[in-house]
Amino acid sequence: SWDLGSSFGLWKGRPSSKRTLSFGFVADPMSTWSVPGRLRCCLLLVVCAAVPAVLGSDDEVCPADAPCASSRSAGEGIAAQGEYYWPQGRGHPRHYGQSPYSFGGACCNLSANLRWSWQHPNGRYNTIIIGKPLIDNERNIYISSMDGVRKFDIDGQVLWTWSVFNYTDKRYVPNNPAIMDGRLYNCLTTGELFALSMETGELLWEVMASAKGIGEDTAFVTATRGIVLLDVDPPQPAGPLSGRQNNRIVAFDASDGSELWDFQPDVGVWNFLPHFPDDGTAVFQTWNGGAYRLNLSDGVPIWNQGLNRNVDGWTDGGPALGPNGLFYTTSSAATMEKSAFSEAGSGGLASYRVSDGELVWNRSGLEQGIYTYPVVGRLAEGAPLSVVTGVGSLAYFPLQIQFFIFGALPGAMVGFVIGMLWALCKCRGLSPQATVCAFLLRPLLAAAICALIGSVVVLPFLKGAYPYSVQAFDAETGEPQWRVELPTWRWYSAAGDEEGFSTRRKNGHRPICLPLASSYMTLDAQGAIYFGHLDGRLYRIKDWNGDGRIDPNAEVCAFEAGSAFFTGGPSIAPGVLAVASCDTLYVFGDP
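The rules we used
Residues numbered from 1 in each chain as written. Predicted model: local features only at pLDDT ≥ 70, side-chain atom pairs only at ≥ 80, totals over all residues. Heavy atoms only, no water. Pairing = 2+ DSSP bridges. Helix = DSSP H or I, 4+ residues; strand = E, 2+ residues; numbered from the N terminus. Polar contact = N/O pair within 3.5 Å; in protein donor to acceptor, adjacent residues only side chain to side chain. Contact = heavy atoms within 4.5 Å. Phe/Tyr/Trp six-rings, centres within 6.5 Å; stacked < 30°, edge-to-face > 60°. Buried < 20%, exposed > 50% of the residue type's maximum accessible area, 1.4 Å probe, protein only. Lys NZ or Arg CZ within 6 Å of the ring centre and 35° of its normal.

A. Fine view of the sheet that holds strand β4 (residues 148-152). The sheet built from 4 strands is open, its strands ordered β2-β3-β4-β5 with antiparallel pairing. Strand pairing shows two members of the sheet lacking a second neighbour, β2 (134-135) and β5 (158-163), which therefore form its edges. Note that β2 and strand β3 (residues 141-145) share 2 bridges and pair antiparallel. Each bridged residue has a counterpart across the sheet, and for Ile135 the counterpart in β3 is Ile141.

The structure is reproduced here in structure tokens:
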């Protein structure tokens with residue numbers, strides 16, 4: 001397995017997961033340290049702060065028992081105001097995607113700072129964690145998984161669990177939650193919106209948001225100013241891939257769930273994540289990269305832009321709202337069906353002025369599509385604003401599914417036809433019993449042989465390599481600043497989807513995670529970027545020496561989680577970084 005400090009250059013194939021992850025609470029590894037051990041660690045951290053670790057070598061500069069230093073910043077005084085540290089998708093509306101707190105220093109070794117982790121009590125692949133971790137003002141952590149919602153204290157104890165009634169592969173929690181005024185809000189695929197008490201997990205109210213249901217993408221329930229926003233109404237009937245976008249935006253009263261207004265955009269939304277500029281409006285993007293701005297009071301549109309620029313395109317990524325009054329949207333020229341293939345098409349990143357919707361700049365023609373959410377902020381003290389995004393395609397279905405769809409099934413159909421012709425040619429003059437036997441056995445035998453041949457023949461044509469880059473642009477002009485290539489992921493599906501497929505299918509639940517190319521990105525107070533990638537690693541990137549480029553050996557480090565990540569990225573609070581892969585919640589803490 002890989003960890004912070006492992007070699008990127010020597011990786012040639014698929015990682016094996018060797019870490020033993022616990023269920024429930026894991027004791028603080030710091031509790032076993034002696035005082036001399038702590039002194040040695042402090043000396044090591046001083047050295048690491050002065051000289052960036054050469055993380056690309058096989059030898060770690062920071063030993064495995066030396067935690068990363070974590071600094072705290074007063075930021076904008078969130079805790080002093082009693083507000084939640086990370087209340088919804090992209091964190092606090094005052095600084096979307098950013099945290100006023102720092103986590104870690106130039107010496108990066110998150111393994112030593114792993115305080116605890118959680119997986120489903122029945123086993124790692126017995127649920128899929130849909131929701132990113134939310135963090136309240138007491139640093140309690142909330143997550144949503146397909147089977148329900150859970151609350152943990154800072155030490156990893158489960159405080160309460162709310163379980164989905166009649167949980168099936170068609171009735172589950174599909175969205176990231178939001179917390180506001182002592183309540184947690186989320187929804188079910190069957191169309192219900194519900195509110196839970198943050199204190200006890202008690203169901204406070206549940207309303208039918210849409211009789212047509214809620215799409216199975218991993219969108220975000222959001223809440224602000226006493227209003228809850230949700231996307232509903234997938235088109236009926238829904239196709240196997242396309243045609244599943246939610247076509248209606250609905251606002252509800254957060255106190256009782258009563259509907260306030262609804263709005264139907266001209267283009268559907270996917271992984272819906274509205275942003276609130278704190279002026280009584282909301283901005284969001286459509287699945288082809290178009291942008292809308294609505295009044296929160298009545299849902300009346302103020303402007304829309306870019307809806308026709310990329311008519312056939314689709315992305316399951318999303319937007320970002322900058323502190324500079326600009327709204328950034330992402331796009332891909334590929335259709336949904338081609339988003340995981342080499343012909344996935346180019347990507348685009350555009351910025352619009354929130355006040356009037358005017359296009360400020362459009363960075364089109366990126367070498368691959370954008371299937372993530374960018375982040376906007378300063379990457380160093382005094383630096384200009386940057387917008388940072390990942391560029392690279394999605395991974396596809398597990399290999400066993402691709403074998404069946406593209407190899408075994410077509411092969412069996414061809415073989416059956418060949419077997420029938422074979423039987424017709426060979427059955428002349430045979431007895432009736434022999435004729436019946438031939439018509440039964442020969443087509444089945446030919447179908448089985450051709451199915452096996454088809455599975456072997458199709459393998460070289462399946463995409464098994466997914467390159468990915470992280471690119472930074474000037475937030476005001478769109479001019480490139482730097483880019484760095486991540487190690488190419490060399491497998492046919494995202495990390496964890498192959499391993500968990502059989503267990504999930506046996507349980508009758510959603511069998512695969514099928515995540516974004518990467519989770520949304522989170523920026524800490526020192527300008528370090530954190531995100532999870534489909535290769536199953538949590539990455540941190542930071543230009544520590546300020547030379548305007550990223551050294552992949554010294555300024556990129558990774559934590560091996562073993563499974564990919566959904567839309568929600570890392571959440572940061574004082575002394576805490578929490579992130580959830582498709583099957584595990586990880587919480588890192590101060591020494």
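B. Looking closely at the side chain of Asn186. Following the sequence through the fold, Asn186 ends up in strand β7 (residues 183-187). At 2.9 Å, the side chain of Asn186 and the backbone oxygen of Asn175 are in polar contact. Excluding anything up to four places from it in sequence, Asn186 contacts Ser144, Val173, Asn175, Asn176, Pro177, Glu192, Leu193, Phe194 and Val221.

C. Geometry of the packing of aromatic side chains. Tallied over the full model, the rule gives 22 aromatic pairs. Consider the rings of Phe272 and Phe284, whose centres lie 5.4 Å apart with planes at 70°: the pair is edge-to-face. Remark: Phe284 occurs in strand β14 (residues 281-285) and Phe272 occurs in the loop between β13 (259-263) and β14; sequence separation between them is 12 residues. Taking relative accessible area as the criterion, Phe272 reaches 2% and is therefore assigned buried. On the basis of relative accessible area, Phe284 is assigned to the buried category, the value being 1%. Measuring from ring centre to ring centre gives 5.9 Å for Tyr328 and Trp361, while their planes differ by 55°; the resulting arrangement is tilted. Remark: Trp361 occurs in strand β20 (residues 359-366) and Tyr328 occurs in strand β18 (residues 326-332); sequence separation between them is 33 residues. Trp361 matches Tyr328 in its accessibility class, with the two residues each being buried. Above the ring of Trp544, the side-chain terminus of Lys542 is found at 5.7 Å from the ring centroid.

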